[in-house]
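Coordinate inspection notes
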Amino acid sequence: MQKLIAAPSRKLKLIPLVASTYFMVAGGPYGLEEIIQTSGYGLGLLIVMFVPLIWSLPTALMVGELSAAIPCDGGFYIWVQRALGRFWGFQESWLSLMASAFDLAAYPTLFVLSLGQIWPPATQGYNGLIIATGMLVACMLWNLFGAKAVGDGSVLLGVLLLSPFIAITVIALFRHSAFAVHTAHISPVKGGFLSAMIVAMWNYMGWDNASTVAGEVENPQKTYPRVMMITLVVIVISYMIPIAAVWYTHLAPTAWSTGSWSKIASLVVGKWLGIALVIGSMISTFGIVNSLTLSYSRLPLAMAQAGDAPKIFERRLASGAPWVSIIACGLLWSAVLIALKANFERLLMLDILLYGASLVLEFIAFAALRVREPHLVRPFRVPGGLPVAALLGVGPTILLIIAFIKNRNEQLGPISSLNLGLLLMAAGVVCYFITVWNRNMRAKNASA
């Protein structure tokens with residue numbers, strides 16, 4: 001087991017880790033609008049409540065058990081490597097980093113689009129690219145101060161993010177009949193249920209990202225299981241209550257569309273709250289990128305410690321931050337951002353293929369470790385023994401297959417997302433064998 005390097009005073013505690021995990025998974029109710037638009041309020045709220053039971057809860061339980069049992073930097077990379085071998089551990093990390101390249105290049109673009117609603121020059125000419133790149137640099141610099149700085153900052157960002165939603169919830173309760181159009185008999189859009197399910201999966205995705213900083217968490221054996229359950233409850237509540245409050249005003253589902261929280265706040269409360277929701281969306285995307293930089297930057301570090309990446313990635317600052325890894329990840333995301341510019345679709349197919357494959361590997365590793373290491377000390381254990389451990393990933397895998405079929409024809413510019421994803425997966429296999437060859441050559445030269 002790896003050493004826990006960060007000094008206790010610089011380690012993440014319960015609430016900061018909850019806040020960081022909240023941003024890694026959710027980043028607030030933004031992104032749920034399409035669920036209400038396509039399904040209506042009643043069915044939409046059922047989807048928001050039902051999806052985490054078969055999608056998020058199994059993942060959160062797995063992360064809770066394995067992070068407590070194997071609290072190492074690298075998290076899921078270490079689990080898969082330990083359970084399935086070096087090849088699959090490398091693929092797990094590769095898939096996650098490739099998924100991050102598109103996710104963390106897309107979020108800065110969303111930041112610029114939000115800023116453009118209150119300052120139109122942000123989206124003109126090269127301004128957007130400069131601002132988006134500047135946002136990535138700001139998150140990299142913040143992360144250089146260490147995991148504790150990111151966690152403590154996430155608490156503040158979380159309060160700022162959720163404050164406008166608290167306001168819209170409270171004020172909406174006093175405007176029961178604010179809108180003439182009653183929504184009780186509005187039919188969902190055809191095919192909307194499946195689309196809404198996939199959007200909900202998108203908004204409940206990323207629980208395993210919290211595991212990669214386990215070496216920098218105070219008392220991870222007790223902290224992680226609590227973090228998983230607390231964060232799940234907070235996310236579900238923060239999703240459902242604002243939507244239910246707007247439903248109470250009888251605002252028609254047709255008023256909802258992607259990115260429409262600002263418009264809805266302006267209608268229900270006033271323009272001032274609409275502006276606050278725009279600022280909140282910028283806080284959301286910044287907080288997401290900042291927390292995910294914390295998570296993903298630990299993967300090259302862990303790979304270097306295991307001999308699967310150059311040793312230079314092991315270098316840390318006094319804060320415990322792996323500065324070479326942070327800079328390398330930032331350069332990767334910036335390169336993808338510049339290459340794709342503003343040409344970002346939802347990237348659902350690419351995320352489903354890359355993230356989904358890595359998640360399935362984690363569930364296989366979870367069950368394999370129950371067989372291979374039955375005596376591993378598990379401070380938190382998912383109840384039910386091996387059968388439950390083996391079945392835990394069935395629900396998420398079925399949802400991934402459904403989402404894959406639904407979005408298999410998605411295009412990313414001139415290439416299909418499916419073909420690009422398969423190419424990236426194949427590149428991971430090639431890179432592994434190049435790494436093995438390089439490692440063998442170094443060992444041969446050292447013994448010569």
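This report concerns the structure included in the present document. (Residues numbered from 1 in each chain as written. Predicted model: local features only at pLDDT ≥ 70, side-chain atom pairs only at ≥ 80, totals over all residues. Heavy atoms only, no water.)

1. A closer look at the overall build of the chain
- Counting its secondary structure elements, the chain contains 17 helices and two strands.
- What you see for the chain is a C-alpha radius of gyration of 22 Å, in line with the 22 Å of a compact globule of 448 residues.
- Principal axes of the C-alpha set define a box for the chain whose edges measure 80 × 55 × 45 Å.
- Per-residue burial for the chain yields a buried fraction of 58% across its 448 residues.
- Once local pairs closer than 6 in sequence are excluded, the contacts in the chain between residues at least 24 apart make up 82%.
- Only carbon and sulfur atoms are counted for the fraction: they give 71% of the accessible area of the chain, which is about 18,100 Å². (Helix = DSSP H or I, 4+ residues; strand = E, 2+ residues; numbered from the N terminus. Rg over C-alpha atoms; globule rule 2.2 N^0.38 Å. Buried < 20%, exposed > 50% of the residue type's maximum accessible area, 1.4 Å probe, protein only. Contact = heavy atoms within 4.5 Å. Areas by Shrake-Rupley, 256 points an atom, 1.4 Å probe, with all protein chains shown as cover.)

2. Examining the environment of alanine 265
- Structurally, the position occupied by alanine 265 is in helix H10 (residues 261-268).
- The exposure class assigned to alanine 265 is buried, which follows from its relative accessible area of 0%.
- Once the C-alpha coordinates of alanine 265 and alanine 172 are considered, the two residues, 93 residues apart in sequence, prove to be 9.4 Å apart.
- In this structure, alanine 265 is in contact with Ile168, Gly270, Leu273, Gly274 and Leu277, ignoring residues within four places of it in sequence.

3. Here's the deal with the nonpolar core
- Formed by 136 residues in total, the largest nonpolar core has its most connected members in Trp55, Phe102, Ile168, Trp256 and Trp261.
- Broken down by element, this core gets its largest block of residues, 14 residues, from helix H5 (residues 86-118).
- Residues contacting tryptophan 55, with those up to four places away along its chain left out, are Met201, Tyr204, Met205, Tyr355, Leu359, Pro396, Leu399 and Leu400. (Core = buried A, V, L, I, M, F, W, Y, C linked by side-chain atoms within 4.5 Å.)

4. Remarks on unusual backbone geometry
- Positive phi is not limited to glycine here, since asparagine 219 has a value of about 50°.
- Here asparagine 219 lies in the loop between helix H8 (192-203) and helix H9 (220-248).
- Residue classification places asparagine 219 among the partly exposed residues on the basis of a relative accessible area of 40%.
- The residue histidine 250 is not glycine, and still its phi comes out positive at about 70°.
- The topology assignment puts histidine 250 in the loop between H9 and H10.
- For histidine 250, a relative accessible area of 14% translates into the label buried.

5. Thoughts on a nonpolar patch on the surface
- On the surface, Ile166, Val170, Leu173, Phe174 and Tyr248 cluster together into a nonpolar patch covering about 540 Å² of accessible area.
- Looking at leucine 173, the relative accessible area reads 48%, which means it is partly exposed. (Patch = residues over 30% accessible without salt bridge, like charges linked within 9 Å, V, L, I, M, F, W, Y side chains within 5 Å. Salt bridge = Lys/Arg side-chain N within 4 Å of Asp/Glu carboxyl O.)

6. Concerning H10
- By the burial criterion, the buried members of H10 are Trp261, Ser262, Ile264, Ala265 and Val268. Down the axis of H10, the buried side of the element spans an arc of 165°, and every buried residue falls inside it.
- Here the buried face of H10 lies against helix H2 (33-54), H5, helix H7 (147-172), H9 and helix H11 (271-296). (Arc of directions from axis to C-beta.)

7. Regarding the packing of aromatic side chains
- A full pass over the atoms with the stated rule returns 13 aromatic pairs.
- With centroids separated by 5.1 Å and ring planes inclined at 75°, the aromatic side chains of tyrosine 30 and phenylalanine 165 adopt a geometry described as edge-to-face. Here tyrosine 30 is found in the loop between helix H1 (14-25) and H2, whereas its partner phenylalanine 165 is found in helix H7, with 135 residues between them in sequence. For the residue pair tyrosine 30 and phenylalanine 165, the accessibility class agrees, reading buried in each case. (Phe/Tyr/Trp six-rings, centres within 6.5 Å; stacked < 30°, edge-to-face > 60°.)

8. Things to note about helix H3 (residues 56-69)
- The end-to-end C-alpha distance of H3 is 20 Å, a good match for the 20 Å that 14 residues give at a rise of 1.5 Å each.
- The element H3 is extensively covered by neighbouring structure, given that 13 of its 14 residues are classed as buried. (Expected span 1.5 Å × (residues − 1).)

9. Here we look at the packing of H2 against H8
- Contact pair H2 / H8: the axes reach a minimum separation of 9 Å and the direction vectors enclose 55°. Our classification of the angle between H2 and H8 gives oblique. Between H2 and H8 lies a crossing of right-handed hand. Counting all contacts with H2, which are made through Glu34, Ile35, Thr38, Ser39, Leu43, Ile47, Phe50 and Val51, the residues of H8 involved are Gly192, Phe193, Ala196, Met197, Val199, Ala200 and Met201.
- Looking at the contact of H2 with H8 residue by residue, the class counts come to 11 nonpolar, three polar and one charged. (Axes fitted to C-alpha atoms, helices over the stretch in contact; angles between N-to-C directions. Parallel < 35°, antiparallel > 145°, perpendicular 65-115°, else oblique. Left-handed = near helix turned anticlockwise from the far one by under 90°. Nonpolar A, V, L, I, M, F, W, Y, C, P; charged D, E, K, R; others polar.)

10. Some words on the packing of H3 against H9
- At their nearest, the axes of H3 and H9 sit 7 Å apart, and the two run at 165° to each other. By the criterion of interaxial angle, the relationship of H3 to H9 is roughly antiparallel. Where H3 crosses over H9, the handedness of that crossing is right-handed. Here Ser56, Leu57, Ala60, Leu61, Val63, Gly64, Ser67 and Ala68 of H3 come into contact with H9, specifically with Pro220, Gln221, Tyr224, Pro225, Met228, Met229 and Leu232.
- Partitioned by chemical class, the residues of the contact of H3 with H9 number 11 nonpolar, four polar and no charged.

The analysis is restricted to geometry; functional conclusions fall outside its scope.
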